[in-house]
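Each chain is listed here by its residues.
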Amino acid sequence: MKQIIEDNKFVELTYRIVDQKTGDVLTAVEFPLGYVHGRNEVLSPRVMDELEGKLAGDAISVPIDCTDLYGCRDESLVITDLIENVPEEYREVGTRIVMENDKGQTKSFLVTRMDDRMLTIDGNHPLCGRKVVFELEILSVRDATDEEIIAGGKVERGPDLGGLPTRPI
């Protein structure tokens, strides 16, 4: 008998996020994502709610307005500067830069554009302002072990060293 997704079930799934307007796949997980339902909110609450009651083998699509998740785009978080003012290690599109303000708060920026003269970084979430569809495929559903329930997901075991004490190398 197939088990349904409910609290304390271990679920493995794959997903991809598709832009509603263009149909482009914005991101996809390469390996199955495993979590304990009701214990570990690995995806947005709206997606987690839609998974409730589903079975292994089910495929679902959940439309999401990312403005609800990440707020409106803030153009003051888009900064363009002369490339010579940017350290060499940040001069590649897709590089993540973590900056700290004078209060010690950190903010992540992504290099989004670059040419011979200028470089642009953006502190908005990459999905900010987009309407997307989460396309999920549920691979398996089973009772979670007590250990998994406490951890919120799969508990990885280290190698069996046969009772030998371990120490740092």
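Look a little higher up for the structure.
Residues numbered from 1 in each chain as written. Predicted model: local features only at pLDDT ≥ 70, side-chain atom pairs only at ≥ 80, totals over all residues. Heavy atoms only, no water.

K.L.:
Describe the pattern of salt bridges, with residues and values.
P.N.:
A pair can form between side chains of opposite charge whenever their charged atoms are brought close. Counted under the stated rule, the structure contains seven salt bridges. Note that Glu 75 is salt-bridged to Arg 73, the shortest N-O span being 3.1 Å. Glu 148 is the partner of Arg 142 in a salt bridge, and the nearest nitrogen-oxygen pair spans 2.9 Å. Its relative accessible area of 29% is what places Arg 142 among the partly exposed residues. Given a relative accessible area of 6%, Glu 148 falls into the buried group. Through salt bridges with shared partners, a single network forms among Arg 73, Glu 75 and Asp 122. (Salt bridge = Lys/Arg side-chain N within 4 Å of Asp/Glu carboxyl O. Buried < 20%, exposed > 50% of the residue type's maximum accessible area, 1.4 Å probe, protein only.)

K.L.:
Can you explain the side chain of His 37? Please cite residues and give values.
P.N.:
The residue His 37 is located in the loop between strand S3 (33-36) and helix H1 (45-51) in this model. Of note is the side chain of His 37, whose polar atom sits 3.0 Å from the side chain of Tyr 35. Among residues more than four places away in sequence, those in contact with His 37 are Ile 5, Glu 6, Asp 7, Asn 8, Lys 9, Val 11, Met 48, Leu 51 and Glu 52. (Helix = DSSP H or I, 4+ residues; strand = E, 2+ residues; numbered from the N terminus. Polar contact = N/O pair within 3.5 Å; in protein donor to acceptor, adjacent residues only side chain to side chain. Contact = heavy atoms within 4.5 Å.)

The analysis is restricted to geometry; functional conclusions fall outside its scope.
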